[in-house]
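Letter by letter, the chains look like this.
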Amino acid sequence: MSTEPTELQTVRAEEERARPPEHAPRGQLTDSLDNDQSSALDALSSPPAALVVRAEPEPPRILFNGTLLEPKQKIMLSAGTRAAVVCKVRYGRPPAHVEWHLDSRRLTPLSQMNTSEIGKPDLWTTRSILEIEATRFGYGKQLACRAYHPSYPVPHYRNAYALLDVASNTVFLFRSPEVQVEQMAHNSTACQTTATLKASVTQIG
């Protein structure tokens, strides 16, 4: 007969029942614990995710010669000249993206820069600079600065417009060969002008 106390015999019996069978894969419980611990450590050691709160920027504005233009204000240029036009979008988070269009044609800007606002480093100003070459064929066309931002209402962009006013004046002179008309001979000269503004022609001599 066993001389162990009844309480000790009861504990040993419970241990025998809790012991896994001999054919069970060894280390299974240990592997399970290791995986759980590894997942916990990965979660603790992962870098914190940055929470970005979007901020809707102001509508885009077009500047010419340092002056903010009113909607659809004219940009006065002379044919054959080049000029820089700026589109500015302020107080965006993240920064806005800007595109330029002349009527339906997309233009390529010289540069686009994003800078933080003074006193508000978490907000951004976007400046896009476009160089345009003025020709008489651009007269009256619409220049558009289009700013994209996920916080704008659908379709997530806003436009600013300006109109090109290109002043040009071209004069063509045509001289006909000498024409004999009965008793007199004379040279005939014609003058033709093309201009975006009303032109005046003065004959001298």
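Residues numbered from 1 in each chain as written. Predicted model: local features only at pLDDT ≥ 70, side-chain atom pairs only at ≥ 80, totals over all residues. Heavy atoms only, no water.

Caption draft 1: Structural detail: unusual backbone geometry. The step from Arg-93 to Pro-94 runs through a cis peptide bond, and the omega angle for that step is 0°. Relative to the assigned elements, Pro-94 resides in the loop between β4 (82-92) and β5 (97-102). Of note, the bond from Val-154 into Pro-155 is cis; its omega dihedral lies within 30 degrees of zero at 15°. You can see Pro-155 is positioned in the loop between β9 (142-148) and β10 (157-167). Located in the positive-phi region is Lys-72, a residue other than glycine, with phi close to 60°. Position of Lys-72 relative to the elements: it lies in the loop between β2 (67-68) and β3 (73-78). Among the residues examined, Lys-72 registers a relative accessible area of 47% and is labelled partly exposed. Although it is not a glycine, Tyr-91 adopts a positive phi angle of roughly 65°. (Helix = DSSP H or I, 4+ residues; strand = E, 2+ residues; numbered from the N terminus. Buried < 20%, exposed > 50% of the residue type's maximum accessible area, 1.4 Å probe, protein only.)

Caption draft 2: Structural context of the state of the cysteines. Under the criterion given, the structure shown has 1 disulfide. Between the sulfur of Cys-87 and that of Cys-145 lies a disulfide, 1.7 Å long from S to S. With the S-S bond torsion at -55°, the cross-link from Cys-87 to Cys-145 turns out left-handed. Of this pair, Cys-87 sits in strand β4 while Cys-145 is found in strand β9, placing the two residues 58 residues apart along the sequence. With relative accessibility at 0%, the residue Cys-87 sits in the buried group. For Cys-145, a relative accessible area of 0% gives the class buried. (Disulfide = S-S within 2.5 Å.)

Caption draft 3: Looking closely at the pattern of salt bridges. Taken as a whole and assessed by the stated rule, the structure comprises 6 salt bridges. Here Glu-56 and Arg-158 are joined by a salt bridge, their closest N and O atoms 3.4 Å apart. Of this pair, Glu-56 sits in the loop between α2 (28-45) and β1 (61-64) while Arg-158 sits in strand β10; the two residues are 102 residues apart in sequence, bridging distant segments of the chain. A salt bridge links Arg-93 to Asp-122; the nearest nitrogen and oxygen atoms lie 2.8 Å apart. Of this pair, Arg-93 sits in the loop between β4 and β5 while Asp-122 is found in strand β8 (residues 120-133), placing the two residues 29 residues apart along the sequence. Here the salt bridges share partners, and the residues they tie into one network are Arg-82, Glu-131 and Glu-133. (Salt bridge = Lys/Arg side-chain N within 4 Å of Asp/Glu carboxyl O.)

Caption draft 4: Molecular detail of the sheet that holds strand β6 (residues 105-107). Spatially, β3-β10-β9-β5-β6 is the arrangement adopted by the 5 strands of the open sheet, whose pairing is mixed. Bordering the open sheet on either side are β3 and β6, each of which pairs with just one other strand. Ignoring strand direction, the axes of neighbouring strands in this sheet form an average angle of 30°. In the sheet, β9 pairs with β10 via 7 bridges, with the strands oriented antiparallel. Each bridged residue has a counterpart across the sheet, and for Ala-147 the counterpart in β10 is Arg-158. (Pairing = 2+ DSSP bridges. Axes fitted to C-alpha atoms, helices over the stretch in contact; angles between N-to-C directions.)

Caption draft 5: Representation of the sheet that holds β1 in the model. Across the sheet, which stays open at both edges, the 5 strands sit in the order β2-β1-β4-β8-β7 with antiparallel pairing between neighbours. With partners counted over all chains shown, the strands left at the sheet margins are β2 and β7 (111-117), one partner each. Two elements, β7 and β8, share 7 bridges in a ladder whose sense is antiparallel. From the neighbouring strand, Gln-112 faces β8, where its bridge partner is Ser-128.

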